[in-house]
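A closer look at the structure
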Amino acid sequence: MRPLFNKIVLIGVGLIGGSFALSLKKAQAVEHIVGVDRHLTSLETAKLLGIIDSFTHDMASAVVDADLIVIATPVAQTAKILSAIYPYLQANTIVTDAGSTKADVVLAARHSLAEKISQFVPAHPIAGREKNGPEAAIDDLYVGKKTVITSLPENSDQAVELVAQAWRLCGAIVHHLSPKEHDHVFASVSHLPHLLAYALVDDIAAKPHADRLFQYAASGFRDFTRIAGSSPEMWRDISLANRDAILEELDSYCLKLTQLRASLEASDSLALEAIYSRAQTARVNWIAAIEAAEAQNKDGGD
């Protein structure tokens, strides 16, 4: 059976891009993957690990005859990368990304790609690990995970379906949102939690008795702060790119903390328990919905 892709260009060979490449290779869906990255050591490691088949720093030779170009870098690099691609982008090549913010990426794409904007199909895989770099890439990272495609009015159905098909071959479940909807949703359920985890660890680390505190931190602390092990550069870019939506969520969370503090200060046990009970019920229902969806997907795939 002929692979879906003859040539894919992977710009950024770390966890997200590397896992995408390994997933497609596992599915035997790609003939050749060319890697492009700022760091030669990352490219060499990716080649050694079988993530990419070749690499280059020359964008012109990289993108020629490519079926798909995937940008898997921190979002602040998107505009520069798209501008570098633009002169060499052939009409039959589709470009997509894996950035955690979408409105800013779309704006950058409209500026950098101009009349070629129809060839750019924005996407965001909802998966990750606290580890970074090509060494962290795994071939099942996206299995059963959502990938959100925020297609543009200019995109053809064929271009959107090609990107969707690539993610399905990685095992992902494809969803569709507008860029604005995407950014508001993920400000709440992804971006804000990362800010909170980073803030908590930074606060504890700055205390004079930090070593003692970390000594007694156990599984609850580890689970809550796991995402603070993610790439600081990537999350700096995400925070600034989605600043307005994150600020709204941060204000809402601060209000909830203020209410919680007032209840604690007043020793209002009923108010505290009400907050905890609502949160527990919401989380139990959320987990049940996830498990039901996973069971349905498994039954549908058998």
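Before going into details, it helps to say that this report is about the structure given with it. (Residues numbered from 1 in each chain as written. Predicted model: local features only at pLDDT ≥ 70, side-chain atom pairs only at ≥ 80, totals over all residues. Heavy atoms only, no water.)

Helix and strand content of the chain: twelve helices and nine strands. In terms of C-alpha radius of gyration, the chain reaches 21 Å, essentially the compact-globule figure of 19 Å for 302 residues. Sequence-distant contacts, at least 24 apart, represent 76% of the contacts inside the chain between residues at least 6 apart. Total accessible area on the chain stands at roughly 16300 Å², and carbon and sulfur atoms take up 56% of it. For the chain, the distance from the average position of its 27 positive side-chain charges to the average position of its 36 negative side-chain charges is 2 Å. (Helix = DSSP H or I, 4+ residues; strand = E, 2+ residues; numbered from the N terminus. Rg over C-alpha atoms; globule rule 2.2 N^0.38 Å. Contact = heavy atoms within 4.5 Å. Areas by Shrake-Rupley, 256 points an atom, 1.4 Å probe, with all protein chains shown as cover. Lys, Arg positive; Asp, Glu negative; His and termini not counted. Charge placed at Lys NZ, Arg CZ, Asp CG, Glu CD.)

For the rest of this paragraph, the subject is the nonpolar core. Core analysis: the largest hydrophobic core is formed by 39 residues, its most contacted members being Ile 8, Phe 20, Leu 68 and Trp 167. Elements represented by at least two residues in this core include exactly strand 1 (5–11), helix 1 (15–26), strand 2 (30–36), helix 2 (40–48), strand 4 (68–71) and helix 6 (157–169). A total of seven residues in this core trace back to one element, the largest contributor, which is helix 6. Formed by 23 residues, the second largest nonpolar core is a distinct cluster that contains Val 34, Ala 62, Ile 71 and Ala 109. (Core = buried A, V, L, I, M, F, W, Y, C linked by side-chain atoms within 4.5 Å. Buried < 20%, exposed > 50% of the residue type's maximum accessible area, 1.4 Å probe, protein only.)

Let's shift gears to the environment of Leu 272. Mapping Leu 272 onto the fold places it in helix 12 (residues 269–301). Here Leu 272 falls in the buried class, since its relative accessible area comes to 14%. C-alpha of Leu 272 to C-alpha of Gln 259: the two residues are 13 residues apart in sequence and 9.3 Å apart in space. Apart from residues no more than four positions distant in its own chain, Leu 272 is found in contact with Leu 260, Ser 263 and Leu 264.

We now examine unusual backbone geometry. One non-glycine residue with positive phi stands out, namely Gln 28, at about 55°. With respect to the helices and strands, the residue Gln 28 is situated in the loop between helix 1 and strand 2. Of note, Ser 267 is a non-glycine position whose phi angle comes to about 55°, a positive value. Structurally, the position occupied by Ser 267 is in the loop between helix 11 (243–265) and helix 12.

Below, the discussion takes up the packing of aromatic side chains. Counted under the stated rule, the structure contains three aromatic pairs. An aromatic cluster of at least three residues, connected via ring pairs, comprises Phe 20, Tyr 142 and Trp 167. Above the plane of the ring of Tyr 86 lies Lys 116, whose end atom (NZ or CZ) is 4.5 Å from the centre. (Phe/Tyr/Trp six-rings, centres within 6.5 Å; stacked < 30°, edge-to-face > 60°. Lys NZ or Arg CZ within 6 Å of the ring centre and 35° of its normal.)

Turning our eyes to something else, we now look at the sheet that holds strand 9 (residues 173–176). Taking strand neighbours across the sheet as the criterion, the three strands line up as 7-8-9 in an open arrangement whose pairing is mixed. Every other strand in the sheet has two partners, leaving strand 7 (123–125) and strand 9 as the edge strands with one partner each. Each neighbouring strand pair of the sheet contributes to a mean axis angle of 20°, computed without reference to strand direction. For strand 7 and strand 8 (residues 146–149), the ladder comprises three bridges, and the chain directions are antiparallel. Within strand 8, the position partnered with Pro 125 by the bridge is Thr 147. (Pairing = 2+ DSSP bridges. Axes fitted to C-alpha atoms, helices over the stretch in contact; angles between N-to-C directions.)

The next subject is helix 10 (residues 232–241). Of the residues making up helix 10, those classed as buried are Trp 235, Asp 237 and Ile 238. One side of helix 10 carries all its buried residues, which in axial view fall inside an arc of 155°. Opposite the buried face of helix 10, at more than 90 degrees from it, the exposed residues are Pro 232 and Leu 240. At its buried positions, helix 10 is contacted by helix 7 (179–205) and helix 11. (Arc of directions from axis to C-beta.)

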